[in-house]
Amino acid sequence: MSQDRAVNFGAGPSALPLFALQEAATNLLNFQNTGIGIAEISHRAKEFTGYLAELEARIRKQLDVPPTHKIIFTQGGGTGQFSAVVYNLLARHRLLYPDLADDERRLEYVLTGNWSLKAVEEARRLCTGPRGVGGDVKVVVDARTFSKDGKSFDNIPPHAEYQFSPYTTSSLVHLRTRPPPPALIYYCENETVHGVQFSEDLKSPQSFPFGLLFPPDSDNEEGGGNQPLLPLVGDYSSSFMSRPIPRLADHAVIFAGAQKNLGPAGLTIVIVRQDCLVDAEAAAKLGAAPIPVTLAYKTIADSNSVYNTPSVFAIYVAGLVVENIEKEGGLAHYEQVNRRKKEKLYGVLKEGEEAGVLRRKVQEGSESWMNVVWEVLGQDGLVSKELEQKFLDGATQRGMLSLKGYRSLGGIRASIYNAVTESDVERLVAYIEEFTQAEKE
Ligand code: PLP
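Per an unreviewed UniProt entry, the protein goes by phosphoserine transaminase and derives from Thelephora terrestris. Looking at the protein in UniProt, the text filed under Sequence similarities (unreviewed entry) is "Belongs to the class-V pyridoxal-phosphate-dependent aminotransferase family. SerC subfamily." Note on the protein: under the UniProt heading Catalytic activity (unreviewed entry), the record states "O-phospho-L-serine + 2-oxoglutarate = 3-phosphooxypyruvate + L-glutamate".

And the structure:
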């Protein structure tokens, strides 16, 4: 970390690796000796399209994305994808099952925090009403039901609690004893605001319950051992490129805004299974809502992500960051480092909790690796706004910024994305120890 730079624990936009910022500064003046800066170059210039293709290949390699999936680059952030998945996957459903009524097109959401809630709200807004796009939005599990106080998002519910609708994968109407699969099954892998994350260990009850979605062959009327192509959507905005994605190939769509682990805001990465690149016009002829062109996956994919002007600068910086991930030893390396970082931080918070000074907000087993949230307690054991401020002021004095919790939630949040180094985390850990000692006395 350079002398005059603070450690940025912000949730996004967030810290970027110093070398990428320095390299970007140089290339803002002259990109690859073209004589034109990266923010000025045409998105159709071969230097840029070549760079974009390389970035695609690098992400594909790091995340082990199979050829069944396209990687597309777009804009509109995670919020844009809340809408895009509804339009694209309802169109897909219409093409697969043209005869269903709108309320038979289920959109099933796993609700674990602020961002999955926003996705549910957008789906309801789009689907409902006489001018809505059709589709029945259902919440298959609400994590608040399993919280310590009955109203907070502080956990990933255990597998047994997910109420996915039973479905058949048979495309033959006369074979259907159950309805077809839903149009969309949605989860947010890491809830940036509430600090809960699905476990990467698929045996853990806090991992995503794939087993419930992909039943054994005996439940699959078509048999033959083929996994059905389910429309599983994962919002990976705040954990993308921090560790490998479990069962990536079983997802229909994985999306992420770049502004956490990858680069500046303005770039959205979407990994889409090919069967979800739907012909919007053909679907519209069958009654599906037209897809706004900047949200249509097929349009973006067919034009290699340059249908319209992409966020050239953000793509450029993301390329530098991914190149660095490769140099450092890839996602396997980041997984190890990020695991150590979160273990150190949760470890010291546990000590602060035992001393009666701090309180971790998330139940054990559901803690995010990226966004760590806690509260500061007064002598009475209740949350103390004054001590919270004291903690934040002390952190600022020590060159550690952006630790204030989400605006509507309060508390403290340390976002420890890839660019926050292990020694940055150790610095925070030392300060938490010091604060705990001082307040305990
Ligand atoms: N999903 C998650 C998990 C997020 O953390 C965020 C933003 O922080 C979003 C979606 C929304 O992203 P954007 O602000 O890029 O629309």
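The structure having been displayed, the exposition proceeds.
(A) Here's a closer look at the overall build of the protein. Scanning the protein from terminus to terminus reveals 11 helices and 14 strands. Taken over C-alpha atoms, the radius of gyration comes to 23 Å for the protein, in line with the 22 Å a tight globule of 441 residues would show. Across its three principal axes, the protein shows a C-alpha extent of roughly 75 × 60 × 40 Å. The burial tally for the protein puts 46% of its 441 residues in the buried class. Sequence-distant contacts in the protein: of pairs separated by 6 or more residues, those separated by 24 or more amount to 69%.

(B) The site of the ligand, seen in detail. Close to the ligand lie Gly12, Gly77, Gly78, Thr79, Trp115, Cys188, Thr192, Asp235, Ser237, Ser238 and Gly257, which account for all nearby residues. When grouped by side-chain class, the residues that make up the shell around the ligand number two nonpolar, eight polar and one charged.

(C) Here's a closer look at the UniProt feature "domain: Aminotransferase class V" (unreviewed entry) in the protein. UniProt feature "domain: Aminotransferase class V" (unreviewed entry): in the numbering of this structure it lies at residues 8-91 and 234-428. Its end C-alpha atoms 41 Å apart, residues 8-91 is made of 54% helix and 8% strand.

(D) Focus on the environment of His251. Its location among the elements puts His251 in the loop between strand S8 (232-235) and strand S9 (253-257). The class of His251 is buried, set by 26 C-beta atoms lying within 10 Å. The spacing of His251 and Pro231 is 20 residues in sequence and 6.9 Å in space, taken between C-alpha atoms. In this structure, His251 is in contact with Leu232, Gly234 and Arg273, ignoring residues within four places of it in sequence.

(E) Just unusual backbone geometry, in detail. A cis geometry characterises the amide bond from Gly12 onward to Pro13, with omega recorded as -5 degrees. Structurally, Pro13 can be placed in the loop between strand S1 (7-8) and helix H1 (18-29). Its identity is not glycine, yet Met241 carries a phi of approximately 65 degrees, on the positive side. When you line up the elements, Met241 lands in the loop between S8 and S9. Judged by local crowding, Met241 falls into the buried class, with 24 C-beta atoms found within 10 Å. One non-glycine residue, Arg247, lies in the positive phi region at around 50 degrees. Among the secondary structure elements, Arg247 is positioned in the loop between S8 and S9.

(F) Region of interest: the sheet that holds strand S12 (residues 371-376). With antiparallel pairing, the three strands of this open sheet are ordered in space as S11-S12-S14. With partners counted over all chains shown, the strands left at the sheet margins are strand S11 (358-360) and strand S14 (412-415), one partner each. Mean inter-strand twist for the sheet, computed between neighbouring axes without regard to direction, equals 30 degrees. Where S12 and S14 come together, four bridges link them in antiparallel fashion.

(G) Looking closely at the domain arrangement of the protein. Per the domain assignment, the segments making up the protein are domain 1 (51-325) and domain 2 (329-440). On a C-alpha basis, the centroid separation for the pair domain 1 and domain 2 is 30 Å. Each partner contributes residues to the interface: domain 1 has 24 residues there, and domain 2 has 22 residues. Each residue belonging to the side of domain 1 that touches domain 2 can be placed in one class, and the counts come to six nonpolar, 14 polar and four charged.

(H) Expanded view of the sheet that holds strand S10 (residues 268-273). One open sheet accounts for seven strands, arranged S2-S10-S9-S8-S5-S3-S4; its pairing is mixed. One side of each edge strand has no neighbouring strand; the edge strands of this open sheet are strand S2 (69-74) and strand S4 (136-142). Within the sheet, the average angular offset between the axes of one strand and its neighbour, ignoring direction, is 20 degrees. Strand contacts of helix H3 (residues 77-96): strand S3 (106-111), strand S5 (184-188), S8, S9 and S10, with the helix running at about 160 degrees to S9, the strand carrying the most contacts. Here helix H4 (residues 114-127) sits on the sheet in contact with S3, S4, S5 and S8, set at roughly 160 degrees to S3.

Calculation criteria
- Every chain is numbered on its own, with residues counted from 1 as its sequence reads.
- Totals for whole chains, interfaces and linings use every residue, but because this is a predicted model, local features are given only for residues with pLDDT of at least 70 and side-chain atom pairs only at 80 or more, for both listing and counting.
- UniProt positions are given in the numbering used here, feature names are shortened, and annotations may be inferred rather than shown by experiment.
- Every helix listed is a DSSP run of H or I at least four residues long, and every strand listed is a run of E at least two residues long, numbered separately from the N terminus.
- Computation of the radius of gyration draws on C-alpha atoms alone. For the globule rule, the value is 2.2 Å times the number of residues to the power 0.38.
- Any residue surrounded by 20 or more other C-beta atoms within 10 Å of its C-beta is treated as buried, while 12 or fewer makes it exposed and the intermediate range makes it partly exposed; C-beta atoms here are placed from the backbone.
- Here the contact rule is simple: place C-beta atoms from the backbone, and any two residues whose C-beta atoms are within 7 Å are in contact.
- Any residue whose backbone-placed C-beta atom lies within 6 Å of a molecule or strand is treated as near that molecule or strand.
- Classification convention: Asp, Glu, Lys, Arg as charged; Ala, Val, Leu, Ile, Met, Phe, Trp, Tyr, Cys, Pro as nonpolar; all other residues, Gly among them, as polar.
- Here the rule is simple: two strands pair whenever DSSP picks up at least two bridges between them.
- Working convention: axes come from line fits to C-alpha atoms, limited for helices to the stretch in contact. Angles between N-to-C directions cover 0 to 180 degrees.
- Either an automatic procedure or a domain database provided the assignment from which the domain bounds are taken.

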